Amino acid sequence: MSQARRHLRVALFLAAVSPRGATTGVKARRGLSAWPAPQEPGMEYQDAVRTLNTLQTNAGYLEQVKRQRGDPQTQLEAMKLYLARSGLQVEDLDQLNIIHVTGTKGKGSTCAFTERILRSYGLKTGFFSSPHLVQVRERIRINGQPISPELFTKHFWHLYHRLEETKDSNSCVSMPAYFRFLTLMAFHIFLQEKVDLAVVEVGIGGAYDCTNIIRKPVVCGISSLGLDHTSLLGDTVEEIAWQKGGIFKRGVPAFTVLQPDGPLAVLQDRARKISCPLYLCPPLEALEEGGPPLALGLEGEHQRSNAALALQLARCWLQQKNHQGLGELKVSRPSVLWQMPLAPVFQPTSHMRHGLRDTEWLGRTQVLRRGPLTWYLDGAHTASSVQACVRWFRQALLRGRVPRRGPEVRVLLFNSTGDRDPVALLKLLQPCQFDYAVFCPNLTEVSSAGNADQQNFMVTLDQVLLRCLAHQQHWSHLNEEHASPNLWSPTSLEPAGPTSWAVLPLPGNSRHEATLEAGAPLTGDRLLERRATVQVRVPVVGVGTM
């Protein structure tokens with residue numbers, strides 16, 4: 001057995017036997033509701049989630065829909081009918097004082113920054129986002145916390161029964177699909193909970209996304225644009241920009257970050273045609289001038305762009321609602337880029353600073369330390385976002401580097417779904433000089449039999465496992481083509497190149513059962529003998545669709 005493999009097995013074993021109490025407190029601190037989720041099958045929350053999961057689009061039917069898509073405008077009108085059947089009209093959503101945000105990269109982080117800033121002002125916030133990481137109730141938050149299982153269950157059945165009662169006897173479809181149902185549910189919960197505002201993240205695109213039944217948001221935002229969901233939105237960034245600009249509304253202020261010339265021109269044209277005032281956000285450096293640097297709760301240089309957009313969205317919302325404490329305006333030069341006006345340059349208030357600093361958004365440039373293991377987690381799933389993830393990982397390693405305390409073994413944990421190009425993404429990760437690569441599905445448990453939150457009917461199990469194996473083969477082929485450039489001079493312990501594993505779930509109820517293809521299970525009697533003597537640092541980079 002090689003020295004690197006032996007060190008890695010010891011480190012993983014030590015992490016596996018760490019006391020459970022160490023993770024319990026972290027989970028509460030990281031934003032999961034304090035309410036305990038029902039654990040046994042048959043409990044109300046699990047029943048609600050199982051019923052919700054029946055609204056997921058069947059994998060085979062989903063492929064058929066992609067090939068034969070109907071008029072997207074008709075789909076948007078259908079969402080309005082579902083809203084009416086649920087007991088609401090589009091005018092009722094005006095009460096939510098919505099901040100509507102779309103984009104290809106960073107829209108979730110922008111929403112998280114925006115929500116946290118406004119919560120710092122003492123406002124009661126609602127936040128609708130997607131997808132979730134572990135439990136579906138993460139998608140609907142009140143004051144930054146996922147709603148409790150009890151609240152989720154209550155509102156789920158109320159909405160479900162209401163839609164059942166109002167279904168058309170001539171229609172074979174009585175229920176909206178999964179994402180539409182959750183969108184309706186979020187609107188109902190936010191109104192019932194009497195939030196001061198709701199931050200609503202677009203699902204896919206913008207123009208025909210089901211969240212776009214919002215007719216009168218307070219302000220709109222568009223984060224960085226790029227290529228993603230091309231089968232639905234178009235093959236060019238300009239086509240995607242047209243879709244994203246569909247959330248613009250007449251007379252409603254909108255903000256965007258600096259984009260490439262083509263998509264920026266498309267956004268400006270979309271805004272001009274409907275008389276939507278569109279502003280370009282100045283860089284964060286402009287807002288920091290004359291004051292201390294802004295500390296961000298989310299790591300990575302790319303988060304500065306998201307924070308700059310969030311500051312403008314929050315300030316505009318406060319201004320529109322006649323709140324005090326907007327931040328002192330600075331003298332700024334007018335923008336001449338595409339003749340687009342520059343958003344205000346102002347001195348961030350203490351509330352804004354605290355909001356940016358205290359923002360948490362799980363699975364986005366997140367660092368978790370578990371004994372010798374350090375997890376670097378990021379849901380990057382486009383070429384540009386993976387590049388940003390690599391830069392963040394490099395900077396994090398350099399910041400955290402300490403005098404040698406034993407060897408270092410780098411591990412890649414990768415997953416990708418949908419119509420994304422895994423080869424292009426994996427190629428961008430090669431410079432990280434990983435000693436091991438593990439390819440796995442986005443499941444938190446081996447068996448989902450007792451946990452409805454882990455059920456996924458959008459893809460079949462065979463498709464998931466075959467994709468893991470394909471990722472492993474792509475990675476092996478890339479390594480055979482050429483050796484990775486050595487960016488940071490790591491202390492590689494295995495000169496023959498990285499080993500790759502595909503992690504495949506096994507049948508059974510034990511959440512610890514798994515097999516590592518091309519490698520033996522990470523256990524062994526010798527681990528206990530070496531536990532006190534081996535000191536190995538294991539940075540694990542989890543990247544891709546989570």
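All values reported here derive from a predicted model rather than from experimental measurement. (Residues numbered from 1 in each chain as written. Predicted model: local features only at pLDDT ≥ 70, side-chain atom pairs only at ≥ 80, totals over all residues. Heavy atoms only, no water.)

**Describing the pattern of salt bridges**
Opposite charge on two side chains permits pairing when their charged atoms draw close.
Alright, step 1. Across all of its chains, the model carries 15 salt bridges by this definition.
Alright, step 2. Of the charged contacts in the structure, one is a salt bridge between Glu285 and Arg304, with a shortest N-O distance of 3.4 Å. Placement of Glu285 in helix α12 (residues 284-288) and of Arg304 in helix α13 (residues 303-320) is noted, with a sequence separation of 19 residues between them.
Alright, step 3. Between Arg304 and Glu301 there is a salt bridge, with the nearest N and O atoms lying 3.8 Å from each other.
Alright, step 4. Three or more residues joined by partner-sharing salt bridges are found here, namely Glu285, Glu288, Glu301 and Arg304. (Salt bridge = Lys/Arg side-chain N within 4 Å of Asp/Glu carboxyl O. Helix = DSSP H or I, 4+ residues; strand = E, 2+ residues; numbered from the N terminus.)

**So, the packing of aromatic side chains**
Alright, step 1. This model, assessed by the stated rule, comprises 17 aromatic pairs.
Alright, step 2. An angle of 45° between the planes, with centres 6.4 Å apart, marks the rings of Tyr208 and Trp242 as tilted. Of this pair, Tyr208 sits in the loop between β5 (197-201) and β6 (219-222) while Trp242 sits in helix α10 (residues 237-244); the two residues are 34 residues apart in sequence, bridging distant segments of the chain.
Alright, step 3. Relative accessible area serves as the criterion here: at 30%, Tyr208 is assigned to the partly exposed category.
Alright, step 4. The partly exposed category is assigned to Trp242, whose relative accessible area is 35%.
Alright, step 5. Ring centres 6.1 Å apart and planes at 75° place the aromatic pair Phe414 and Phe439 in the edge-to-face group. Here the residue Phe414 occupies a position in strand β11 (residues 411-415), and Phe439 occupies one in strand β12 (residues 436-439), the gap between them amounting to 25 residues.
Alright, step 6. Residue classification places Phe414 among the buried residues on the basis of a relative accessible area of 1%.
Alright, step 7. Taken together, the ring pairs connect Tyr376, Trp392, Phe393, Phe414, Phe434, Phe439 and Trp475 into an aromatic cluster.
Alright, step 8. We note Arg270 situated over the ring of Trp242; from NZ or CZ to the ring centre the distance is 3.8 Å. (Phe/Tyr/Trp six-rings, centres within 6.5 Å; stacked < 30°, edge-to-face > 60°. Buried < 20%, exposed > 50% of the residue type's maximum accessible area, 1.4 Å probe, protein only. Lys NZ or Arg CZ within 6 Å of the ring centre and 35° of its normal.)

**Here we look at the UniProt feature "binding site: ATP" (unreviewed entry) in the protein**
Alright, step 1. The feature "binding site: ATP" (unreviewed entry), as given by UniProt, occupies Arg364 and Asp378 in the numbering adopted here. Among the annotated residues just listed, those that line the largest cavity are Arg364.
Alright, step 2. Within the secondary structure, Arg364 sits in the loop between α14 (350-358) and β9 (366-370).
Alright, step 3. Contact partners of Arg364, with chain neighbours within four places excluded, come to Ser109, Leu133, Leu377 and Asp378.
Alright, step 4. A polar contact of 2.5 Å, which involves the side chain of Arg364, links it to the backbone oxygen of Leu362.
Alright, step 5. According to the relative accessible area criterion, Asp378 is buried, its value standing at 7%.
Alright, step 6. Within polar-contact distance, the side chain of Asp378 engages the backbone nitrogen of Thr365 at 2.8 Å. (UniProt positions renumbered as here; feature names shortened; annotations may be inferred. 1 Å grid on protein atoms, 1.4 Å probe; cavity = no way out; pocket = protein on both sides within 12 Å on 5 of 7 lines; lining within 4 Å. Contact = heavy atoms within 4.5 Å. Polar contact = N/O pair within 3.5 Å; in protein donor to acceptor, adjacent residues only side chain to side chain.)

**Focus: the nonpolar core**
Alright, step 1. Core analysis: the biggest nonpolar cluster contains 43 residues, and Leu52, Leu96, Phe152, Phe181, Met185, Phe187 and Phe190 have the highest contact counts within it.
Alright, step 2. At the level of secondary structure, the elements contributing two or more residues to this core comprise α3 (44-53), α5 (72-85), β3 (140-142), α7 (149-165), α8 (178-192) and β5.
Alright, step 3. In terms of residues, this core owes the most to one element, α8, which gives ten residues.
Alright, step 4. If we ignore the near neighbours within four places in the chain, the residues touching Met185 are Ile140, Phe152, His155, Phe156 and Leu159.
Alright, step 5. Within the second largest apolar cluster, 39 residues are counted, among which are Cys111, Ile117, Tyr121 and Leu313. (Core = buried A, V, L, I, M, F, W, Y, C linked by side-chain atoms within 4.5 Å.)

**As for the sheet that holds strand β1 (residues 98-102)**
Alright, step 1. Taken together, the eight strands give an open sheet; going across it, the order is β4-β3-β2-β5-β1-β6-β7-β8, and neighbouring strands pair in mixed fashion. With partners counted over all chains shown, the strands left at the sheet margins are β4 (145-146) and β8 (278-280), one partner each.
Alright, step 2. Sheet contacts for helix α6 (residues 107-120): β1, β2 (125-128) and β5; angle to β2, the most-contacted strand, approximately 170°.
Alright, step 3. Along the sheet, α13 contacts β1, β5, β6 and β7 (254-256); its crossing angle with β6, the most-contacted strand, is approximately 175°. (Pairing = 2+ DSSP bridges. Axes fitted to C-alpha atoms, helices over the stretch in contact; angles between N-to-C directions.)

**Structural notes on the pairing of β6**
Alright, step 1. Burial of the side chains of β6 extends over both faces: Val219 and Gly221 are buried on one face and Cys220 and Ile222 on the other.
Alright, step 2. Pairing analysis gives four bridges linking β1 to β6, with the strands arranged parallel. Counterpart to His100 in the pairing with β6 is Cys220.
Alright, step 3. Relative to β7, β6 is paired through three bridges, and the arrangement is parallel. Following the sheet pairing, Cys220 is matched in β7 by Ala254.

**Thoughts on the UniProt feature "binding site: Mg(2+)" (unreviewed entry) in the protein**
Alright, step 1. UniProt tags Ser130, Glu201 and His229 as "binding site: Mg(2+)" (unreviewed entry).
Alright, step 2. By the secondary structure assignment, Ser130 is in the loop between β2 and β3.
Alright, step 3. Leave out the neighbours within four places in its chain, and Ser130 touches Arg139, Phe179, Glu201 and Gly203.

**Comments concerning empty space enclosed by the protein**
Alright, step 1. Taken as a whole and judged by the stated rule, the model has two cavities of 30 Å³ or more.
Alright, step 2. Its boundaries defined by the atoms lining it, the largest cavity holds a volume of some 60 Å³.
Alright, step 3. Considered class by class, the residues forming the lining of the largest cavity number four nonpolar, two polar and three charged. (Points joined across faces, edges and corners; volume = space filled by probe spheres on them. Nonpolar A, V, L, I, M, F, W, Y, C, P; charged D, E, K, R; others polar.)

**Considering the side chain of Thr104**
Alright, step 1. Looking at the element boundaries, Thr104 is found in the loop between β1 and α6.
Alright, step 2. Within the structure, the side chain of Thr104 is placed 3.0 Å from the backbone nitrogen of Gly226, a separation counted as a polar contact.

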